[in-house]
Amino acid sequence: MALHFAHLLWKWQEGSPSLRLDVYIYDYLIKRKLITTAEAFVKETEAKPFVTDLQKINVPGGLLSDWWPIFWPSFISSPGDLACPEVLIWNLRNNLEQRSWDAHSSFITDISFRPNESMLATASSDRTLRLWDASQGDCYFQAQCFTGHSTQVTSVEFHPNYTSLLCSCDDGGKTGKAKVRFHPRGKILASAIGHTVNITDVETDERFKCLQGNRDNKPLNSICWIERINCLACVSDNCAKVWSTDGQTVRELNRNGYFRSCSFHPRYPNTLVIGGYESITLWNFAENKVESVQAHGCHLSDLDGCLATGLLASASHDGCVKVWR
């Protein structure tokens, strides 16, 4: 792969670096079947002559796609990476920042509040998991730091009932975003690593189900539970899937949506809310009806709903957090 990459750079050495990057991006979009986005990209960059150069990139998934798993471990392990190491807490009554502090030496990948308490857990690409306590005042102070993960910690969650129990996972050096999520009743744990979801009994630590996330073995990006109908959902790039707790597939949605996050609708349990690129997709899997709305200016990295208020929150790489009714 390295030789192939070097060969491409040599063949295009007469072109500018920005033109070569344009070709890589366009090639990636075409091979992901994001045709409309690719055409818009050509129009914005005014780089129409490079389209014929796609024949030189003999990589089925696109050069950027193949090289990302190689660049990513180097990026997250680079010293001095201080991108998004800060935790911000907001007061929803006035939409003002409540407090913030530097929590890690690298960016934060997941966050979880201990149920009904002031304890907060953060996971980071600096390979640590940290607990923060605000019970003694307005400022959070570090209560504990856990080490032992060999790569970035991608997910963390407190047990819903046994609040002294905390679960975390890393990506194991694999592509994708490994996730752990307790069932709301706390008896079982779902862990999404690679393209499968493992269901584990919390008390016995026994894995009793392994669910296939999608047909094309794409890495899973997000998982979520809903207690009211006892279902589990997951999303990968182009697929969303809902299971019953006995492991039976309820429904599957396949489309070019670049799915990144998911959450069951807080008021309509048969509707899965899916965060993609710039848009939120509402999928009524009971009736298999789909509706999409423009929501952000970039990927939606996370979604969560509140049963008490019916509100839905979305976070995006565009730097915005939005609350929806």
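All of these numbers come straight from a predicted model, not from anything done at the bench.

(A) Unusual backbone geometry, seen in detail. Phi is positive for Asn230, which is not a glycine, with a value near 50°. Within the secondary structure, Asn230 is located in the loop between strand S13 (220-226) and strand S14 (231-236). Its identity is not glycine, yet Asn288 carries a phi of approximately 55°, on the positive side. On the secondary structure map, Asn288 appears in the loop between strand S19 (277-284) and strand S20 (289-305).

(B) A look at the confidence of the model for the chain. When pLDDT is averaged across the chain, the result is 79; 78% of the residues are at 70 or more. Per-element mean pLDDT across the chain ranges from 36 in helix H1 (residues 2-11) up to 96 in strand S18 (residues 271-275). For residues 1-17, every residue scores under 50 in pLDDT, and the model assigns this stretch 25 contacts once sequence neighbours within four places are set aside. For residues 73-82, every residue scores under 50 in pLDDT, and the model assigns this stretch 12 contacts once sequence neighbours within four places are set aside.

(C) Seen up close, the pairing of strand S11 (residues 196-201). In terms of burial, S11 is a largely internal element, five of the six residues being buried. Where strand S10 (residues 188-193) lies against S11, six bridges are found, and the strand directions are antiparallel. Paired with Ile193 across the bridge in S11 is Thr196. The loop that links S10 with its antiparallel partner S11 comprises two residues; one of these, Gly194, has a positive phi angle of about 70°. In this sheet, strand S12 (residues 206-212) lies alongside S11 in antiparallel orientation, the contact comprising six bridges. Across the sheet, residue Val197 finds its bridge partner in S12, namely Leu211.

(D) Geometry of the nonpolar core. Among the nonpolar cores identified, the biggest contains 15 residues, and Ala240, Val242, Phe264, Leu272, Ile274 and Trp283 are the most heavily contacted of them. At the level of elements, S13, S14, strand S15 (239-244), strand S17 (261-264) and S18 are the ones that each hand at least two residues to this core. Residue contributions to this core peak at three residues, all from S14. What Phe264 contacts, discounting residues up to four positions off in sequence, is Cys224, Trp225, Ile226, Cys231, Leu232, Ala233, Val242, Pro269, Thr271, Leu272 and Phe285. Residues Ala190, Val197, Leu220 and Leu232 belong to the second largest nonpolar core, which totals 12 residues.

(E) Structural view of the side chain of Thr128. Tracing the backbone shows Thr128 in the loop between strand S4 (119-124) and strand S5 (129-133). For Thr128, a relative accessible area of 8% translates into the label buried. Apart from the residues within four sequence positions on either side, Thr128 is in contact with His104, Thr122, Ala123, Cys145, Phe146, Thr147 and Val153.

(F) Up close: the pattern of salt bridges. Here the structure, examined in full by the defined rule, presents seven salt bridges. With a shortest N-O distance of 3.8 Å, Asp126 and Arg130 are connected by a salt bridge. Given the relative accessible area of 18%, Arg130 is considered buried. In this structure, Glu287 and Lys289 form a salt bridge, with 3.1 Å as the shortest nitrogen-oxygen distance. The exposure class of Glu287 is partly exposed, given its relative accessible area of 48%. When its relative accessible area of 52% is taken as the criterion, Lys289 is described as exposed. Through salt bridges with shared partners, a single ionic network connects Asp110, Lys179 and Arg181.

(G) Here's a closer look at the pairing of S13. Counting buried residues in S13 gives seven out of seven residues, a clear majority hidden from the surface. Pairing analysis gives six bridges linking S13 to S14, with the strands arranged antiparallel. Paired with Ile223 across the bridge in S14 is Cys234. Counted between consecutive antiparallel strands, the loop separating S13 from S14 contains four residues, among which Asn230 sits at a positive phi close to 50°.

(H) Expanded view of the sheet that holds S18. Spatially, six strands are ordered S17-S18-S19-S20-S21-S22 in an open sheet, and the strand pairing comes out antiparallel. Of all the strands in the sheet, the pair left with one neighbour each is S17 and strand S22 (321-324). For this sheet, the mean angle separating the axes of adjacent strands, direction not counted, is 30°. As paired strands, strand S21 (residues 312-316) and S22 are joined by four bridges and run antiparallel to one another.

(I) Focus on the side chain of Thr281. Mapped onto the elements of the fold, Thr281 is located in strand S19. The class for Thr281 is buried, based on a relative accessible area of 5%. A distance of 3.0 Å separates a polar atom in the side chain of Thr281 from a polar atom in the side chain of Ser292. Those residues in contact with Thr281, other than ones at most four positions away along the chain, are Phe259, Leu272, Val273, Ile274, Val290, Glu291 and Ser292.

Rules used throughout
- Residues numbered from 1 in each chain as written.
- Predicted model: local features only at pLDDT ≥ 70, side-chain atom pairs only at ≥ 80, totals over all residues.
- Heavy atoms only, no water.
- Helix = DSSP H or I, 4+ residues; strand = E, 2+ residues; numbered from the N terminus.
- pLDDT = per-residue confidence, 0-100.
- Contact = heavy atoms within 4.5 Å.
- Buried < 20%, exposed > 50% of the residue type's maximum accessible area, 1.4 Å probe, protein only.
- Pairing = 2+ DSSP bridges.
- Core = buried A, V, L, I, M, F, W, Y, C linked by side-chain atoms within 4.5 Å.
- Salt bridge = Lys/Arg side-chain N within 4 Å of Asp/Glu carboxyl O.
- Axes fitted to C-alpha atoms, helices over the stretch in contact; angles between N-to-C directions.
- Polar contact = N/O pair within 3.5 Å; in protein donor to acceptor, adjacent residues only side chain to side chain.

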